[in-house]
Amino acid sequence: MQAINDFILAAAGQPWVLFLVLACCVIDGFFPPIPSESVVVGLSAVAATADVPNPWLLMLVAGLGAFTGDNIAYLIGRKVGTTRWSWMRGPRMQSAFRWAGRELRKRPASLILVARFVPIGRVAVNLTAGVTRYPHLRFVALTILSATLWAGYSVGIGLFFGRWFEENHLLGAVIAIICAVALGIVVDLVVNKVRRQPHVIERLREPEP
């Protein structure tokens, strides 16, 4: 266990680890199996007590990667659609695409912001936004905000839990990742529940009999 802790600490202090974070966050924007949250949260948990990598730099790199990945997904959706590759054609992804298309017509801004915190949800929304030709400049503005919030959230969770486990970087990283995943599941469940309810604003706009 001590050897693993030493390895994590040594890796966190290397300059290349930020390039790893950037790559994971970019790819995660259009390919959901890549675990960008785990990398960012785990490294920030180490940073809480080891001071490497720099949390502010980690947040900047994570946000830049998330923004870039989301916009690559938008362009992929615009160019190739949502059925080109086999992982897109699975029932879960196709269901997510159909849902994203419906919700983008109703409340695009809030959907793009919230979807960044749900791994499959963000890929579906980003690709569908491109397919439906949602205005790109507006999408860019929203993804700047969503990427910033997501990066701050991911680093914040890691720092918070990392401070509890000063002597065990591995345990701090694992617990922080579990909490981040759990919060992501909660967000996903809340989004699923809300989307099944009648839209409150639409109800209020209905004319009285």
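What counts, and where the lines are drawn
Residues numbered from 1 in each chain as written. Predicted model: local features only at pLDDT ≥ 70, side-chain atom pairs only at ≥ 80, totals over all residues. Heavy atoms only, no water. Disulfide = S-S within 2.5 Å. Buried < 20%, exposed > 50% of the residue type's maximum accessible area, 1.4 Å probe, protein only. Phe/Tyr/Trp six-rings, centres within 6.5 Å; stacked < 30°, edge-to-face > 60°. Lys NZ or Arg CZ within 6 Å of the ring centre and 35° of its normal. Helix = DSSP H or I, 4+ residues; strand = E, 2+ residues; numbered from the N terminus. Axes fitted to C-alpha atoms, helices over the stretch in contact; angles between N-to-C directions. Left-handed = near helix turned anticlockwise from the far one by under 90°. Contact = heavy atoms within 4.5 Å. Nonpolar A, V, L, I, M, F, W, Y, C, P; charged D, E, K, R; others polar. Salt bridge = Lys/Arg side-chain N within 4 Å of Asp/Glu carboxyl O. Core = buried A, V, L, I, M, F, W, Y, C linked by side-chain atoms within 4.5 Å.

A. A look at the state of the cysteines. Inspection of every chain in the model, using the stated rule, returns zero disulfides. With no disulfide partner, C25 has as its closest neighbouring cysteine sulfur the one in C24, 6.8 Å distant. For C25, a relative accessible area of 1% gives the class buried.

B. Structural context of the packing of aromatic side chains. In total, this model carries two aromatic pairs according to the counting rule given. Above the face of the W150 ring, R116 is positioned so that its terminal group lies 4.8 Å from the ring centre.

C. Layout of unusual backbone geometry. In this structure, R133 is a non-glycine residue whose phi angle is positive, near 55 degrees. By the element assignment, R133 lies in the loop between α7 (119–131) and α8 (136–162).

D. Seen up close, the packing of helix α4 (residues 55–80) against α8. Running from N to C, α4 and α8 point in directions that differ by 140 degrees, and their axes come no closer than 8 Å. For the crossing formed where α4 meets α8, the hand is right-handed. Residue-level inspection shows P55, L58, M59, A62, G63, A66, F67, D70, N71, Y74, L75 and R78 of α4 in contact with α8, the latter providing H136, F139, V140, T143, I144, S146, A147, W150, A151, G152, V155 and L159. In terms of residue class, the contact of α4 with α8 is made up of 16 nonpolar, six polar and two charged.

E. Expanded view of the side chain of D70. Inspection of the secondary structure assignment puts D70 in helix α4. When neighbours within four sequence positions are excluded, D70 is seen to be in contact with G29, R116, R122, N126, F139, T143 and S146.

F. Layout of the pattern of salt bridges. Counted under the stated rule, the structure contains three salt bridges. With a shortest N-O distance of 2.3 Å, R122 and D28 are connected by a salt bridge. Of this pair, R122 sits in helix α7 while D28 sits in helix α2 (residues 16–28); the two residues are 94 residues apart in sequence, bridging distant segments of the chain. Overall, D28 belongs to the buried group, its relative accessible area being 1%. The salt bridge involving R116 is made with D70; its shortest N-O contact spans 2.8 Å. Of the two residues, R116 is situated in the loop between α6 (108–115) and α7 and D70 in helix α4; the sequence distance between them amounts to 46 residues. Here D70 falls in the buried class, since its relative accessible area comes to 2%. Where salt bridges share partners, they join D28, E37 and R122 into one cluster.

G. Fine view of the nonpolar core. V21, C25, V40, L43, L58, A62 and W150 are the most contacted members of the largest nonpolar core, which totals 22 residues. At the level of secondary structure, the elements contributing two or more residues to this core comprise α2, α3 (36–50), α4 and α8. Other than its neighbours up to four places away in sequence, V21 contacts V39, V40, L43, L58, V61 and A62.

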